[in-house]
Every structure is written in structure tokens, then in C-alpha cells.
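Chain by chain, the residues:
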Amino acid sequence: MRSLAGLVVVLYLVADLGSVRGPFSALGLLIPLAAVVLALVPALLRDRPGIAAARIGWLSLGYALVLVAAQAPAGASLVLELAPPVGYTLVAVGLTLLAVDEPEPLRALARPGTRLLARCVGVAALAPALVSVVAPDALLKEFGPPPAWIEQMPAWLAHAALLFAATSRLLRRQPHTSPEGATANTWAALGLLGGCLGAFGALLAAHRGDTAAASLARTLGALAVCGGHLAMVRVLRTPTAAANARRIAAGAVATMLAALVAVRARPHVPDDALAFGTAAALLVLTAALFDRIARRVGERVLGPDAGRLLDAIGVARRKLVATTTLEDVARAVLPPLTGCARSPESRAVLWTVDPDREVTTGASGEPVVREARLPAPLREHLESRREALVSRADVETAVTRQPFLQPLCALLDARDVLTVVALRAEEGLEGALAVPRGRRRAPLSLEEREALIDLGRELTARVGLVAALDRARRRAQQSERRQAGLAERLAELEQEQRRMRAEAAMRATEPARAPSTTGALVAYSAAMREARQRAIQLAPLQVPVLLVAEPGCEVESLARVLHEHAGRGGGPFLVADATLRAPDASVAALVGDAREGSLEPGWLRVAHGGTLFVRDLPALSLEAQAVLAEALATHEVRPVGSAASYPVDVRLVAWSRVAPAELLAAGTLDPNLARWLESPRIDVPPLRERTEDLPSLVLLAVHRACRALGRTPVGVEPAAMDALLRHDWPGNLEELDAVVARAVARCQGPLLGRSDLPPLTGDRDPLDAPWSDIERRALQRALALAGGDVGSAARALGIAPTTLRARLRRLGLTSPTRRSSRPPPSDPVSGGPLQ
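So, here is what we can say about the structure in this document.

### Description of the nonpolar core
Phase 1: Residues Val10, Leu59, Tyr63, Val68, Leu95 and Leu162 are the most contacted members of the largest nonpolar core, which totals 47 residues.
Phase 2: When residues of this core are traced back to their parent elements, those giving at least two are helix H1 (2–21), helix H2 (26–39), helix H4 (51–70), helix H5 (78–101), helix H8 (148–170), helix H9 (179–207) and helix H10 (211–233).
Phase 3: In this structure, Leu574, Leu604, Val648 and Leu652 belong to the second largest nonpolar core, which totals 36 residues.

Put into C-alpha cells, the structure is as follows:
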């Protein structure tokens, strides 16, 4: 009922006006209808709690009273005479209170001061007018009628309140004003601007005596003021409200200016149709020009922060369309946002996640990209909350209630950040954009927030695409590196497999050697201890070593000592028997054969990183010996049938029956290789010089024989041991193994007796000797029968002449021509010849 009381009063005034004036004209009826509409505003706001809706109701009712009373002739009823001062008072009080308290109170004016100001305005507006209207006749006769300014004071105070409200709203730039409050203030400012224009138009028309135009202007101004305030408290607080308000204001200004031009130009326009059409077209173009200018001015005057951030966002969005790389994105977005801060110390920053990068702009405006993670407080905040924007003003307001926001607040303050735009995709956080604050102190408006959110969506798509391409490129590179590593590992495994197969094939083709020559080294005798100590001394030098020993000695065991003490224990130990290769195939066996169909990897390749032990070195062809000497000098070698070489990293240990000087004299040793092998040599003592070692070697031989025959171990009688100790053992350990194996096979008891031993002295079976001696005697006898002719001797023996020559060279029975020489190796410690 209270909301309808004003409508009842207005309807009563309209009825009273009708009884005074008679029938209304078309224009005269429009104004009372507008007054009735304004009187309905309190009813429209009945569902809006709060004092703001009540004050807008007073404002609308006041304008309704003013509009109706302005149509009444002079000397009308008392009610119509009281309506203007009451109406203007309600307008003045409502405008003042709304300008000070809504949508958010001005901090410069406290609420008690606001109430006092409103009371003063009300008394100043209402009291003189009431006195002039209801003063008794006695006072009028005594003092005369009151001055005209007293009756006009409510109207002037209402106009002053209108100007005060419009000015305060246009200049309203409080740092802590919320975006919703700023948008609501925009609607109210737009309405007040229309009210000021309407009031100015009414005064101008009244001055010219045009009462109808004055009433129409007053009515439009009242509707604009009430409509703006009604929009302020209704549901029009949208992000586009401020922009729409500026467009409406610009359109109104442009229309008024165009109308003014039309009024001024009408007397000068001829009455013919062509001139009139031309003038109308020019008027439309003029109105469009005025509208464009008014919009630009409105953006600068009414826009948040003079529209700088909105302009920067628009520039960034236009440039963002053609970006393809992260640097292009930075060039499009960061410079405009940095420029709107108007401070050289404040710069926009773009962070990306996966890969973690920070992009800023230098003094020239070019992007600077560096590896950096999103700051931890900001990252935690963005990941824990689904916020599109992190406003500095919001964080500073909330930090008093939420102390855990202090690190984030300190970060935003240190980097002078106005707001942070979260770049969030469906998969998660893609990055963040920091907008600098600079010289700005006003918070973000709803319009700016929405524009930043739109920019964030477009930027997220671009950054996500660039990051996805970067991640794909990085994964491709990782995949290529992993593939290359796997290929390299596969090549290594294949090489290792070839080496192992070749080594297995080499070992499979080797003749069975006596276990005593390949097992643990027994060194109780002084001669053998000296040979072992010499091997330990030469092992770290990594130089080739020649073992000079009779057939059947422990040369391989001594070579293993060199291998293990040289730091090559983890590498291969390859035993290469030179007697198993034909002279024309010895080079391929040494360096490998790369020709198609060949399965020869090469001893030097198989023994890479380890030790190559060459048995019976003189059996190697002179060509192969020269290649071996070259490989030792250059540390690389080229396989047969290949133009590419491979590195050589082997420790060479060779065995020969005779000294290098004798081999050189016989022409069976390459001089270059001889210089590598002359000084670093070890003379391995024969078994006849190792009396102290013989008992242990006999027991080891008995144990091996028992294990080979699958019988229980047996001992050795003293008589049998004495007989074995007295023998000179020309066949060395090979002969010892053969004798002991035969004795163990004959033994029937737990002890090996003297009777179990084969004959050890006197005439012996011609075949009861080492194979090398038997081979030497057979070759000498064949040559003697053939008169020294190698071909005839080979045919008699049933072998090829080349094979016979190789065996003769190995046994030192021929004298090939000598080859050119090379300087011998030097001792790495002393610098002189190796000893």
C-alpha cells in the first residue's frame, strides 16, 4: 500500500489538473502519462530491499509531482501549488543521498554528514516555498508577497543536486570500488547526464518562451534520471552495461548536436526536393561523425582508466590471430599491456607450463624468453581455485581474513601486478598472464574483467598450441636420442655378439692344450718367481711382451698374469694360434675380412680392450707381422677389402720358441715387429729348471688325470715321485701331463707306484716325445730324402708346399729374405729402449 500511495497522489493531481485545464492535447496528455509511469517506480521496486530502492522511489515521485504541477496554470488549487516545492525537495534529497551512498558510499563523506547534508537540502528547499504558499493573508498584507527567488529556491536546489550527483558519479574513481559497483555507477551517471541535458533544454526553451518544448525536455530529463537509477539497482549489472551506457550517451549527444545543426541550417536550405535530400544526407553524415567523435570522447571520459586497458586488449586480440610461435604471442600481447601501465618499471609477464618458461619484453619491445617456473604462490593459488582472474585488489581485501594469501599478495606487490589472467585448458593449467598496474590505482571494472577473460581464452588456445608443438618437438627429439642410443646399443651388442661368436669359433678350431699350460701359475722355484715378477712389472706399461719358452711351458698362464695386472681384466683375453692359419690367410685372420661372404672378424677387433696372445708367433706370415707392427704403431688397422679402418686397443703378448735375434737371423720375424718385442721379453724357464715346482705340478697333474678318468684321487709313492724328479722333462709340462695320465690309467691301488710309470730313461719309443719334436724330426727327414727340395718333400708328406714352408719357418728350418726395419719402441718411464 505504501508503494501505491504516491501513485494515488499523482492520479489525484492529474485529475485536479484536468478539472482546471479541461481536455488535454496530445502533448499535454503525454506529460501526465509520464508522471503516472514515474509514480509506478516505487511499486516496481517493492521486491528490492534496502534504502536505495526507497530513495529511488522518492526521486521518481518527486519528478512526477514536478511534471504534473508544471502543467497547472497560475492560481490553481492549493494542492497543485504545493506539488512543485515538495517534488523538487524530494528530487534534491533523493539525488544527494543516492550520489553519496549508492552503489557504494563515498569515503570522503561519512554517513552522519550525509544525513545532515540531506536535512539541510530539504529544509533549504522546502521551508521557503511552503512559507510562500501557505503564509496567512495578514502576513502578506503586512510584509507583501515573498520574493520570487524564494518560490524558485526548491527548483534551483534540485538542479544543484542534479549537477552535484552527475559530477560525483562522473569523477567517481575510488580504489576499492567493486566492478559491480562501478558498472552500476555508470548507469546512474548516464541517467544523470540525460537529466542535465533535459534540464538545460528546459531552461533554454523557457527562456525562449516555448512552454511545450520546456515541458517535453523536463519530462525526458526526469525519465532519464529515474531510468538510470532504476537500472543501477535492477539486473543490469552486466559486463557490457558500461559499454552500452557509453554508446547511448554518445548517441544522445550526437543526436542533440545534429538537431542543433539542423535547426541552425534549416533557414538556409531551399525548399526544393533535391536540396532538401542533399541536406538530409549531409545531416546523417554529420550525425555519424558526431557519434564517432562522441564515442571516442566517451571512452576517454567515461571508460575505466580512460579506456587504456580496453584498447590494449583490443590491439592484443587483433595481433594474436596471426601468431604461430611463443615469441609471436609475446610480441602481440605483452607490449600493449605494458604500455597501458605508463611506467617503465612495470612490465607484462607471460608464463607457460610444460615447458616452464617466463616471457617478458626488453627495452626494444622484443620478447625475452628464459627457463623459469611459474612462481610457487601463484601456481598453488591457480591450481587450487578455478578462478579466471586473480585481482590484486581482491587479494588485498581478502588477505586480512585469509592470512595464507600473504605470499601471493607479496608476490603481486613485488611485481606490481594489477591482475593475473589464468590460462586454463581442459587438460589443466597452461600458464598465466600478469597485467602490470603501473600508475593505475582504480580496480578492474566488469567490462575490463570480461575483456581480460576473453583475451585469456584466446591466449590459452595459442599458448596451448605452441606448448603442444614444443612438447611434441621435445618428445620427438627425446625419441630420436633414445632411438639413436638404442641403435648404438644394438650396434654394440651386435659387435659383442660377433666378437663372442668369432672368439668361440676361434676357440673351437684351436687344438686342445695341456691343462697344465693354461691353469694357475705354480711359482715356488726362483726362476719361475723371477719370470712372474717380471710379468707383473711389465703389465702396467701396456707395451707388447714376448714370451720365449720351450714347447710345453706355462706361457698362457704367464700371459694371463700380464692381462690381469694390466687393468684389462674386464676385457677379452684372446688366444690366437698362428699355426692354424695358412700364410695367405694370416692377414685376414689378424685384421678381419670385410669382403662379402667372409666370417673373419679379425683378432685385433675381437680382442679390443683386452689382450691378444699370439701362440707361435713365427708361424704368422711376414706380411701379417708387418701389419701387426703397423697397428701397434698407429693404433688403427684396415680390414681386408675395406677402405675404412677401426681403432686398435689391445695388449699384445706373443710366444716364440727362440729369441727374436735368432728369428731375425732365420728370416722368420719382421724387423719392425722385432723392435717392438726385443726388449720387453720374458724368458720362461723350462721344467728341468723348476725342481721346487715339480712336486706341486705332479700332484696337480695327478688330480687332473683322476678327474678326467672319473676315478677317485690317488696319491704318489715316494719312489715314483723320486723317479719323476730325476727326469729332465724335455717336453716340459705337456710331457709331464702325458706321463702322469698314462700312470694314473695303469694304477690299480690308492697310490701311484714306480711300476705304473712309463720308461723315463734309456731308449724310448720314437713316438714317446712331444709333438713338436716328432714334427721337427719328420720334416728334417723328408727334406733330407728330397735333397732339400721343398716341393718334393711336400709331395712326400702329402701336404701343400705353402703349408710346409710355414711349418719350416715356425720351426726355424728356413731362411727367408729380410724386410726393412723400424725404430724400436722406447720405455715410457726412462725414455730409452725397453729392457
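### Here we look at the sheet that holds strand S3 (residues 367–371)
Phase 1: Strand order in this open sheet of 6 strands is S3-S2-S1-S6-S5-S4, and the pairing throughout is antiparallel. Edge strands, defined here as strands with exactly one partner in the open sheet, are S3 and strand S4 (389–391). Strand after strand, the sheet turns through a mean of 15° between neighbouring axes, direction not considered.

### Here's the deal with the packing of aromatic side chains
Phase 1: Inspection of the entire model under this criterion finds 1 aromatic pair.
Phase 2: Taking the centre distance of 6.4 Å and the plane angle of 20° together, the rings of Phe573 and Phe613 count as stacked. Of this pair, Phe573 sits in strand S8 (residues 573–577) while Phe613 sits in strand S9 (residues 611–615), and the two are 40 residues apart along the sequence. Residue Phe573 shares its accessibility class with Phe613, and that shared class is buried.

### With respect to the pattern of salt bridges
Phase 1: Applying the stated criterion across every chain, the model contains 28 salt bridges.
Phase 2: Measuring nitrogen to oxygen at the nearest pair gives 3.8 Å for the salt bridge that ties Glu371 to Arg357. With Glu371 in strand S3 and Arg357 in strand S2 (residues 357–361), this pair connects stretches of sequence that are 14 residues apart.
Phase 3: Between Arg681 and Asp683 there is a salt bridge whose closest N-O contact spans 2.6 Å.
Phase 4: What makes Arg681 partly exposed here is its relative accessible area of 24%.
Phase 5: For Asp683, a relative accessible area of 48% corresponds to the partly exposed category.
Phase 6: Because the salt bridges share partners, they merge into one network encompassing Arg392, Glu396, Asp413, Asp416 and Arg437.

### A closer look at a nonpolar patch on the surface
Phase 1: Taken together, the side chains of Leu30, Leu216, Leu220 and Leu223 define a hydrophobic patch exposed on the protein surface, amounting to about 330 Å² of accessible area.
Phase 2: In terms of residue count, the dominant contributor to the nonpolar patch is H10 (3 residues).
Phase 3: Residue placement: Leu30 occurs in helix H2.

Cut-offs and rules
Residues numbered from 1 in each chain as written. Predicted model: local features only at pLDDT ≥ 70, side-chain atom pairs only at ≥ 80, totals over all residues. Heavy atoms only, no water. Core = buried A, V, L, I, M, F, W, Y, C linked by side-chain atoms within 4.5 Å. Buried < 20%, exposed > 50% of the residue type's maximum accessible area, 1.4 Å probe, protein only. Helix = DSSP H or I, 4+ residues; strand = E, 2+ residues; numbered from the N terminus. Pairing = 2+ DSSP bridges. Axes fitted to C-alpha atoms, helices over the stretch in contact; angles between N-to-C directions. Phe/Tyr/Trp six-rings, centres within 6.5 Å; stacked < 30°, edge-to-face > 60°. Salt bridge = Lys/Arg side-chain N within 4 Å of Asp/Glu carboxyl O. Patch = residues over 30% accessible without salt bridge, like charges linked within 9 Å, V, L, I, M, F, W, Y side chains within 5 Å. Areas by Shrake-Rupley, 256 points an atom, 1.4 Å probe, with all protein chains shown as cover.

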